[in-house]
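The lines below spell out each chain.
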Amino acid sequence: MTQPDTEARPAVRRPSRAAAVLGFLHRGEDSLAGVVLVAMVALPLAEMVTRRAFGVGVPGSGPVVQHLTLWIAFLGAALAARERRLLAVATAELLPSGWRRGARIAAGACAAAVSILLGRAALDLVLIERDAGGTFALGIATWIAQAVIPVTFAAIAVRVAWRADDAWPGRAIAGLGIVFGLVLGQFPGLLETRSAWPWLVLVIAATALGMPLFAAIGGAAALLFLIDGVPLAAIPLFTLAGFLLAEGQASQRLLRVFRAFFGSLPGGTAVVVALIFAFFTVFTGGSGVTILALGALAYQALEADGYRSRFSVGLLTGSASLGLLLPPALPLILYGIVAGVSIEDLFIGGFLPGLLLIGLVAGWGMREGRRAGIPRQAFEPREAGKALWSAKWELLLPLVVLVAIFGGFATLVEASAITAGYAFLMQVFVHRDVSVRRDLPRVLTHAAVLLGGVLIILAVAMGLTSYLVDARVPTLALEWVQTRVDSKLAFLLLLNVFLLIVGCLMDIFSATVVVAPLLVPLGLAFDIHPIHLGIIFIANLELGYMTPPVGLNLFLAAYRFDRTLGEVARSVLPILLIMAIGVALITYVPAMTLGLLSLLGR
Amino acid sequence: PAQTVVKLATLAPDGSVWHRILEDQAVDWRRVSSGRVELRLYPGGVAGDDPDMVRKMRLGQFQAAALSVEGLSDIDEAFNVFQIPLFFQSIDELFYVIEQLEPMLRARLEEKGFVLLNWGYGGWVHLYSKQPITELSDLRGQKLFMWGADDRQLRLWRAHGLQPVALAATDIMMALQTGMIEALATTPLAALSLQWYRLVPHHLDGGLAPLMGATVMTRRGFDRLPDQDREALLASATEAGERFRTEVPEAEDRALDAMRGRGLTVTSIAQSAEAEWRTNAAALASEYGEALVPTEVFAAARRALEEFRR
Ligand code: NA
Ligand code: NA
């Protein structure tokens with residue numbers, strides 16, 4: 001029998017002292033995560049300042065921030081496991097109440113097994129890295145930075161087993177999962193030589209019973225990944241900015257502005273929220289960062305206006321992927337590079353399709369505003385002026401980000417650090433809504449928990465991507481298409497379905513690098529204009545992000561709005577249908593993409 | 001089905017010269033091994049960038065990779081010798097030095113658990129800029145992006161009054177558009193295929209450094225190849241590698257012509273400014289070599305160069 005609970009075992013014997021030790025450890029854990037987050041904001045800012053002032057950046061700033069992203073992802077995931085905030089498909093509520101306890105224990109056991117397996121795989125990676133002797137910056141060994149992965153996976157394994165039940169026997173049964181995982185890790189042949197089906201069925205069943213999603217995806221891939229790539233660092237920073245802004249009165253001040261200017265329109269706030277989300281997504285690259293950064297603020301605004309909660313959640317989840325087709329969204333740039341087509345042409349081609357999707361969503365918002373009888377208010381110049389003035393600091397924020405990026409001062413990561421730094425200064429010193437000693441530690445911990453829950457899913461999703469690449473699934477799927485499909489229409493239809501699935505499973509950067517090069521020759525074979533293909537590609541991925549059961553934005557929304565995945569999925573259905581109509585128009589009416597291009601003679 | 005599958009990852013995009021040569025090598029490996037060995041390609045960075053590929057080889061997920069100096073130097077710093085700016089002056093010089101250094105580099109790779117299959121060559125890195133460059137001060141006045149440069153490299157460039165900027169590769173296009181960088185060191189093939197030349201339309205004649213690479217295989221993977229086929233596979237790989245030397249320069253000329261046809265101008269250093277340019281170039285090259293290349297490798301490379309130039 002295993003002893004899964006190094007942290008809590010003494011709690012049974014000597015509760016008071018153990019609880020004190022545990023509390024101390026937990027505070028240490030919280031502080032570490034907070035320090036990592038603060039460093040992630042401070043380093044890029046220091047880098048920008050020193051680069052401009054002395055022409056020399058902070059040594060190793062880029063790689064350090066990249067590795068801090070790794071740390072915040074895994075420390076945050078361990079925190080999320082501690083707080084029972086690892087994201088899961090909450091279907092267990094559908095079970096008869098007598099079964100729920102058993103379901104939780106079984107799911108806990110599976111999650112513990114997968115966590116320890118992933119930790120074991122991570123340990124191998126760290127050991128190999130140690131032998132290779134690489135350093136990432138300032139002479140710090142890469143393996144030391146990566147050691148956080150196996151350690152936190154082990155902690156997560158222990159915690160999911162411990163949290164699976166409130167009594168000892170249940171915890172012990174869940175703890176058996178750890179033993180099982182260790183055995184599998186020691187004898188990987190047990191997995192390799194047999195059919196994958198029983199394993200997959202087990203993973204799916206456990207997921208249905210409430211196993212956390214990272215374990216579901218990680219278990220399906222059973223393969224390692226690494227969080228890599230600098231743009232990812234923008235996620236924690238924009239998120240932190242969002243958390244800071246959500247403290248205090250920022251949302252009220254912004255809402256007042258929205259109302260003053262758009263209150264006379266039906267669904268005014270809903271329209272404004274869709275526009276702001278699209279605008280923000282253009283800059284964040286659309287990996288759902290917008291939901292994290294602005295979700296709470298926008299939700300409060302809609303709620304105060306009297307919109308139904310379900311409508312609001314759906315609107316915000318859907319709006320978060322708007323904007324990817326408008327310049328200078330990173331996915332367009334990346335697609336142009338990978339597919340070898342003109343990026344300017346993609347910018348021009350994506351313009352009308354991008355506006356179409358925004359228009360559809362805004363129209364839906366207006367309809368809801370009218371139907372729900374949301375009160376309108378007449379435009380009052382004096383009130384508008386006052387509202388603008390009171391929200392000047394908040395309104396300045398997007399301007400600061402824009403100037404930073406388009407003035408050539410900052411990269412995306414740096415812009416996200418500016419956002420977080422700006423939000424901090426504004427909330428602490430200008431509005432005094434946040435006290436550094438009283439509130440900041442709490443805000444940092446909350447942000448870390450949420451980030452951990454999200455980034456660990458992204459990390460294992462990258463593992464799944466690398467498994468799919470390795471198994472050549474995209475290549476084989478496309479070969480299959482090429483041999484069986486011969487009409488352009490049938491190809492486009494299949495393309496829609498295929499990309500929808502891709503959008504569900506992969507983040508936009510992996511999807512572009514992996515799938516786009518395969519599609520380009522196919523598109524040519526079926527006589528689809530390369531720019532049109534690119535716009536279809538991104539529009540479909542946009543849709544994939546909000547498609548149940550595994551669209552990334554659904555996870556993020558579930559987190560941000562504290563809903564179950566099922567609730568979010570139901571809320572998003574109407575907007576999903578509306579956007580699907582838009583994507584169909586984009587796909588089957590090429591003129592929408594190509595018209596502007598031919599007008600401009602390109 | 002093949003007895004042994006060798007998974008090979010590369011950043012070279014689908015359809016590029018480099019990828020075509022690898023594809024032909026895959027066909028040839030099947031032929032010379034009578035179908036016992038399958039070389040399976042994962043091009044276009046689907047397995048990540050160079051450091052990722054090296055990591056995945058160490059983990060055993062891939063057995064081989066066609067790497068650029070960026071990844072090779074992660075395995076052994078000796079390969080930084082090919083990154084020394086303004087060190088080599090022609091492709092003939094370069095390949096003569098490679099011939100002399102090969103035993104040493106091969107042994108260093110072996111020590112790290114890798115086998116050299118062949119050399120790859122991606123063309124010559126040139127300066128592309130928003131404002132034309134005819135003397136050193138023209139370059140000093142423009143913020144310069146450098147591929148894969150680390151802090152040590154940046155410091156060396158700065159010491160010569162230049163303004164190098166290190167960014168993630170994904171930031172390049174946006175940085176060019178926003179003016180965060182105004183000049184770029186890259187190959188004509190990359191400038192064309194990634195469309196950077198539209199934003200930095202001045203090409204400086206006379207390159208900075210070659211873009212060298214090599215296909216390497218893990219020792220573990222190599223030992224798993226059928227005994228009877230190893231020699232033939234190696235010979236086939238060497239033969240494939242020799243094509244780079246003729247095919248890449250041809251493709252490079254075509255790329256340059258294509259860009260010229262679309263508004264690229266080619267400038268060169270003015271005669272009056274040449275002395276200053278050369279002095280700084282020589283100083284930068286030796287500082288760089290001393291700082292980033294293991295001593296005995298740099299010394300051997302210098303000796304070989306002198307031999308060739310004599
Ligand atoms: Na990377
Ligand atoms: Na390197």
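Being a predicted model, the structure only gives us computed values, none of them experimental.

### A few points about the overall build of chain B
Moving on, step 1. When its secondary structure is counted, chain B shows 12 helices and 10 strands.
Moving on, step 2. The C-alpha radius of gyration computed for chain B amounts to 20 Å, which stays within 12% of the reference 19 Å derived for 310 residues, consistent with globular compactness.
Moving on, step 3. Along the longest, intermediate and shortest principal axes, the C-alpha atoms of chain B span 60 × 40 × 35 Å.
Moving on, step 4. Taking all 310 residues of chain B together, the buried fraction comes to 57%.
Moving on, step 5. Put simply, of all contacts in chain B between residues at least 6 apart along the chain, 77% involve residues at least 24 apart.
Moving on, step 6. With the model as given, the accessible surface of chain B reaches about 12500 Å², and the carbon-plus-sulfur share is 49%.
Moving on, step 7. Counting 33 positive and 43 negative side-chain charges, chain B places the centres of these two groups 4 Å from one another.

### Considering the overall build of chain A
Moving on, step 1. On a plain count of helices and strands, chain A comes out with 28 helices and two strands.
Moving on, step 2. Counting all 602 residues of chain A, 57% fall into the buried class.
Moving on, step 3. Long-range pairs, those at least 24 residues apart, make up 81% of the contacts in chain A between residues at least 6 apart in sequence.

### So, the coordination of the sodium ion (ligand 2)
Residue and element names in this part refer to chain B.
Moving on, step 1. Protein coordination of the sodium ion (ligand 2) is provided by Glu70 (O), Ser73 (OG) and Asp74 (OD), with donor distances spanning 2.5 to 2.8 Å.
Moving on, step 2. When the donors of the sodium ion (ligand 2) are listed by position in the chain, the intervening gaps give E-x2-S-D.
Moving on, step 3. Exposure remark for aspartate 74: the relative accessible area of 39% places this residue in the partly exposed category.

### Digging into the confidence of the model for chain A
Residues and elements named next belong to chain A.
Moving on, step 1. On average, residues of chain A score 82 in pLDDT, and 89% of them reach the 70 mark or higher.
Moving on, step 2. Taken element by element, chain A is modelled with least confidence in helix H1 (residues 9-13), mean pLDDT 46, and with most confidence in helix H6 (residues 148-163), mean pLDDT 93.
Moving on, step 3. A low-confidence stretch, residues 223-230 (pLDDT under 50), is modelled with 38 contacts involving residues beyond four sequence positions or located in other chains.

### Re the packing of helix H1 (residues 17-32) of chain B against helix H10 (residues 230-261) of chain B
Residues and elements named next belong to chain B.
Moving on, step 1. Between H1 and H10, the least distance of the axes is 9 Å, while the angle of their chain directions is 155°. On the basis of the axis angle, H1 is roughly antiparallel to H10. Between H1 and H10 lies a crossing whose hand is right-handed. For the pair formed by H1 and H10, the contact residues are Val17, Trp18, Ile21, Asp24, Gln25, Asp28, Trp29 and Val32 on the first element and Ala232, Leu233, Ser236, Ala237, Ala240, Arg243, Phe244, Glu247, Val248 and Ala251 on the second.
Moving on, step 2. Across the contact of H1 with H10, the residue classes tally to 12 nonpolar, two polar and four charged.

### Remarks on helix H4 (residues 91-111) of chain B
All names here are of chain B.
Moving on, step 1. Given a rise of 1.5 Å per residue, 21 residues ought to cover 30 Å, and the 28 Å separating the end C-alpha atoms of H4 matches this to within 8%.
Moving on, step 2. Helix geometry: H4 is bent most strongly at leucine 101, by close to 55°, with proline proline 103 lying one to four residues after it.
Moving on, step 3. Looking at the buried positions of H4, the neighbouring elements they touch are helix H3 (69-75), strand S4 (114-129), strand S9 (209-218), H10 and helix H12 (295-309).

### Points about the packing of helix H4 (residues 97-132) of chain A against helix H2 (residues 50-59) of chain B
Moving on, step 1. H2 of chain B packs onto H4 of chain A with a crossing angle of 110° between their chain directions and a minimal axis gap of 10 Å. What the angle tells us is that H4 of chain A and H2 of chain B run roughly perpendicular. In this structure, H4 of chain A contributes Leu125, Ile128, Glu129 and Ala132 of chain A to the contact, and H2 of chain B contributes Arg55, Arg58 and Leu59 of chain B.
Moving on, step 2. Along the lines of polarity and charge, the residues of the contact of H4 of chain A with H2 of chain B split into four nonpolar, no polar and three charged.

### Quick look at the packing of aromatic side chains
Residues and elements named next belong to chain A.
Moving on, step 1. Applying the stated rule across the entire model yields 20 aromatic pairs over all chains.
Moving on, step 2. Aromatic pair phenylalanine 74 and phenylalanine 153: ring centres 5.5 Å apart, planes at 70°, arrangement edge-to-face. One end of the pair, phenylalanine 74, is in helix H3 (residues 61-82); the other, phenylalanine 153, is in helix H6, with 79 residues separating them in the sequence. The same class applies to phenylalanine 74 and to phenylalanine 153, which are both buried.

### Some words on the environment of tyrosine 121 of chain B
Residue and element names in this part refer to chain B.
Moving on, step 1. Locating tyrosine 121 in the fold gives a position in strand S4.
Moving on, step 2. Note on tyrosine 121: relative accessible area 2%, which makes it buried.
Moving on, step 3. Contacts of tyrosine 121, omitting those with residues within four sequence positions, involve Trp18, Ile91, Leu94, Phe95, Pro210, Leu211, Met212, Phe244, Val248 and Pro249.

### So, the side chain of asparagine 118 of chain B
Moving on, step 1. Along the polypeptide, asparagine 118 of chain B turns up in strand S4.
Moving on, step 2. Polar contacts involving the side chain of asparagine 118 of chain B include one to the side chain of glutamine 25 of chain B, which spans 3.5 Å.

### A short note on the pairing of S9 of chain B
All names here are of chain B.
Moving on, step 1. Most of S9 sits out of view: nine of its 10 residues are buried.
Moving on, step 2. In this structure, S4 lies alongside S9, joined through nine bridges in antiparallel fashion. Residue pairing across strands places valine 125 opposite alanine 209, the latter belonging to S9.

### Here we look at the nonpolar core
Moving on, step 1. Of all hydrophobic cores here, the largest spans 293 residues; its most connected members are Ile156, Phe214 and Tyr335 of chain A together with Phe82 and Val216 of chain B.
Moving on, step 2. A total of 18 residues in this core trace back to one element, the largest contributor, which is helix H21 (residues 440-470) of chain A.
Moving on, step 3. Filtering out sequence-adjacent residues up to four positions away, isoleucine 156 of chain A remains in contact with Ala77, Ala78, Ala81, Leu86, Ser115, Phe214 and Ile456 of chain A.
Moving on, step 4. Leu254, Leu255, Phe258 and Ala301 of chain A belong to the second largest nonpolar core, which has seven residues in total.

### Examining the pattern of salt bridges
Residue and element names in this part refer to chain A.
Moving on, step 1. For the coordinates displayed, the defined rule picks out 32 salt bridges over all chains.
Moving on, step 2. Two residues, aspartate 433 and arginine 253, come together in a salt bridge whose shortest N-O distance is 3.6 Å. Here the residue aspartate 433 occupies a position in the loop between helix H20 (412-430) and H21, and arginine 253 occupies one in helix H12 (residues 250-262), the gap between them amounting to 180 residues.
Moving on, step 3. Arginine 253 gets classed as buried once you look at its relative accessible area, which sits at 15%.
Moving on, step 4. Among the charged side chains, a network of salt bridges with common partners joins Glu29, Asp30, Arg82, Glu83 and Arg159.

### A word on the confidence of the model for chain B
Moving on, step 1. Put simply, chain B has an average pLDDT of 91, and 97% of its residues get 70 or more.
Moving on, step 2. Note on the complex model: pTM 0.78, ipTM 0.72.

Quick notes on the rules
- Numbering of residues begins from 1 in every chain and follows the order in which that chain's sequence is written.
- As a convention, the first chain written is A and the first ligand written is 1, with the rest following in written order.
- For this predicted model, a pLDDT threshold of at least 70 governs which residues receive local features, and a threshold of 80 or more governs which side-chain atom pairs are given and counted, while totals over whole chains, interfaces and linings are taken from all residues.
- Side-chain figures throughout are based on the complete set of non-hydrogen atoms in the structure, without hydrogens or water.
- Each helix corresponds to a stretch of at least 4 residues labelled H or I by DSSP, and each strand to a stretch of at least 2 residues labelled E; elements are numbered beginning at the N terminus.
- As a reference, a globule follows 2.2 Å times the number of residues to the power 0.38, and the radius of gyration itself is taken over C-alpha atoms.
- In this scheme, a residue with accessible area under 20% of its type's maximum is buried, one over 50% is exposed, and one in between is partly exposed, where area comes from a 1.4 Å probe on protein chains only.
- In what follows, residue pairs with any heavy atoms lying within 4.5 Å of each other are defined as contacts.
- In these tables, accessible area is a Shrake-Rupley quantity obtained with a 1.4 Å probe, and a residue counts as shielded only by the protein chains included in the view.
- Residues scored as positive are Lys and Arg, those scored as negative are Asp and Glu, and His as well as the terminal groups of each chain are ignored.
- The location of each charge is read from NZ of Lys, CZ of Arg, CG of Asp or CD of Glu.
- The donor definition counts N, O and S atoms within 2.8 Å of each metal and applies 3.2 Å to Na, K and Ca; water is not among these atoms, so some sites may look incomplete.
- How sure the predictor is of each residue is captured by pLDDT, a score from 0 to 100.
- As a rule, the C-alpha atoms of each element are fitted with a line to give its axis, helices using only the stretch in contact, and angles between N-to-C directions run from 0 to 180 degrees.
- To sort the angles, those under 35 degrees are grouped as roughly parallel, those over 145 as roughly antiparallel, those from 65 to 115 as roughly perpendicular, and the leftovers as oblique.
- Each crossing gets its handedness from the near helix: less than a right angle anticlockwise from the far helix is left-handed, clockwise is right-handed.
- Three categories are distinguished: nonpolar for Ala, Val, Leu, Ile, Met, Phe, Trp, Tyr, Cys and Pro, charged for Asp, Glu, Lys and Arg, and polar for the others, with Gly belonging to the last.
- The span one expects for a helix is its residue count, reduced by one, times 1.5 Å.
- One axis is fitted to the seven residues ending at the residue and one to the seven starting there. The bend at that residue is the angle between these axes.
- Pairing of aromatic side chains requires ring centres within 6.5 Å, counting the rings of Phe and Tyr and the six-membered ring of Trp. Pairs whose planes differ by under 30 degrees are stacked, by over 60 edge-to-face, and all others tilted.
- Pairs of N or O atoms within 3.5 Å make up the polar contacts considered here, provided that, within protein, one atom can donate a hydrogen while the other can accept it, and that residues adjacent in sequence are counted only when both atoms are side-chain atoms.
- When DSSP finds two or more bridges between a pair of strands, those strands are recorded as paired.
- Throughout this description, the term nonpolar core refers to a set of buried Ala, Val, Leu, Ile, Met, Phe, Trp, Tyr and Cys residues connected via side-chain atoms within 4.5 Å.
- Any carboxyl oxygen of Asp or Glu within 4 Å of a side-chain nitrogen of Lys or Arg constitutes a salt bridge here.

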